[in-house]
Amino acid sequence: MTAKTAFVTGATSGFGRAIAEHLLRDGWRVVATGRRAERLQPLRDAFGDAVHVAAFDMRDDDAINAAIAALPAEFAHIDLLVNNAGLALGTAPAQRADLAQWRQMIDTNITGLVTLTHALLPRLVEARGLVVNISSIAANYPYAGGNVYGGTKAFVTQFSLGLRSDLHGTGVRVTSIEPGMAETEFTLVRTSGDQAASEALYKGVTPITADDIAEQVMWLTRLPAHLNINRIETMPVNQSFAGFHVHREA
Ligand code: NDP
Ligand code: 8X3
């Protein structure tokens, strides 16, 4: 059987790297992307010609289009798009948040994701392929400091459902994966490199792992063609809901 090809964004770390590795171990060809080229090279070293590395910034439209135009013939037919690249920046309340951080989240998590999806949709339709969008529980439940990050992920979830409507009859499947707290480089990035804050957040929680999410993606790839999983929402057992808070006037 000819190997299928997946395009995985954010394959330099966390979920994306685990998803790329699981796909490769399962015999897929993978286009692995992210800004840090040196983090993509180990995938090439480990899996050889099954990997095509494309280092670009999701905020750079020209770089996205150039990377797609430069795909070697054996990676040009895309069966699976995993829109994983993304980030949260900051946990400050909206009234004290950094506007540049808000814009970076919107440019990466929303604008970059739709730009890449728009460019690859004709290939996915041709392949009767699968789109997996990595959203978050932050799309579904607000929390203090989640403001724009949660907003970007609500977009991802809703865009996924909208894609399903538009792709009706094409055979293309679309799934929104909505994880809760997972230990990756996510908190290191969110806190601008505060290793102690990252370790403190996950301490004693037994958070979701990148492999847990990669296994969800692999399950999706093995489903029969007549099934579409619309959404998968997962949390660690040790994470749940805190309810409403009420401010009382003095
Ligand atoms: P990581 O920080 O470990 O990985 C994020 C990935 O996104 C990296 O590969 C990074 O690559 C890539 N990325 C970020 N910005 C850009 C950019 N401008 N251009 C290209 N690539 C970019 O975090 P996770 O693995 O946890 O995050 C993956 C996805 O999962 C994100 O969308 C995140 O919002 C989501 N998520 C995470 C959860 C968690 O608790 N960890 C829970 C729910 C959802 P590079 O820096 O090399 O460019
Ligand atoms: C990240 C999950 O719970 O930190 O998307 O918001 S959470």
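Before going into details, it helps to say that this report is about the structure given with it. (Residues numbered from 1 in each chain as written. Chains lettered and ligands numbered in written order. Predicted model: local features only at pLDDT ≥ 70, side-chain atom pairs only at ≥ 80, totals over all residues. Heavy atoms only, no water.)

This part is about the side chain of Arg190. You can see Arg190 is positioned in helix 6 (residues 186-190). Of the side chains with opposite charge, Asp194 lies nearest to the buried Arg190, which makes no salt bridge, at 12 Å. (Helix = DSSP H or I, 4+ residues; strand = E, 2+ residues; numbered from the N terminus. Buried < 20%, exposed > 50% of the residue type's maximum accessible area, 1.4 Å probe, protein only. Lys, Arg positive; Asp, Glu negative; His and termini not counted. Salt bridge = Lys/Arg side-chain N within 4 Å of Asp/Glu carboxyl O.)

The next subject is the sheet that holds strand 7 (residues 231-234). Read from one edge of the open sheet, 7 strands run 3-2-1-4-5-6-7, paired in parallel fashion. For this open sheet the edge positions go to strand 3 (51-55) and strand 7, each flanked by a neighbour on one side alone. On average, each strand axis in the sheet is inclined to that of its neighbour by 15°, with strand direction left out of account. Across 4 bridges, the pairing between strand 6 (residues 173-179) and strand 7 is parallel. Within the sheet, the bridge partner assigned to Ile177 lies in strand 7 and is Ile232. Strands strand 4 (80-83), strand 5 (130-134), strand 6 and strand 7 of the sheet are contacted by helix 8 (residues 210-222), whose axis makes an angle of about 160° with strand 6. (Pairing = 2+ DSSP bridges. Axes fitted to C-alpha atoms, helices over the stretch in contact; angles between N-to-C directions. Contact = heavy atoms within 4.5 Å.)

A word on the environment of Leu124. Inspection of the secondary structure assignment puts Leu124 in helix 4 (residues 99-127). The class of Leu124 is buried, set by a relative accessible area of 0%. Along the sequence, Leu124 and Ala76 sit 48 residues apart, while their C-alpha atoms lie 11 Å from each other.

Throughout the structure, instances matching the rule amount to 3 aromatic pairs. Ring geometry for Phe155 against Phe159: centres 5.5 Å apart, planes inclined by 20°, an arrangement best described as stacked. One end of the pair is Phe155 and the other is Phe159, both in helix 5 (residues 147-166) and 4 residues apart, which spans about a single turn. With relative accessibility at 30%, the residue Phe155 sits in the partly exposed group. (Phe/Tyr/Trp six-rings, centres within 6.5 Å; stacked < 30°, edge-to-face > 60°.)

Burial along strand 4 is two-sided: Leu80 and Val82 facing one way and Leu81 and Asn83 facing the other are all buried. Relative to strand 4, strand 1 (residues 5-8) runs parallel, the two sharing 3 bridges. The residue of strand 4 that forms the bridge with Val8 is Val82. Inspection of the sheet shows strand 4 paired to strand 5 by 4 bridges, in the parallel sense. By the bridge assignment, Asn83 is partnered in strand 5 with Asn133. Handedness of the crossover is the feature at issue here: the chain leaves strand 4, passes through helix 4, returns alongside strand 5, and the resulting connection is right-handed. (Right-handed = clockwise from strand over helix to strand, strands pointing away.)

Attention now goes to unusual backbone geometry. The phi dihedral of Arg128 is positive, around 50°, even though this residue is not glycine. Assignment of secondary structure puts Arg128 in the loop between helix 4 and strand 5. For Arg128, a relative accessible area of 56% translates into the label exposed. Positive phi values are uncommon outside glycine, yet Ser192 reaches one of about 55°. Relative accessible area serves as the criterion here: at 60%, Ser192 is assigned to the exposed category.

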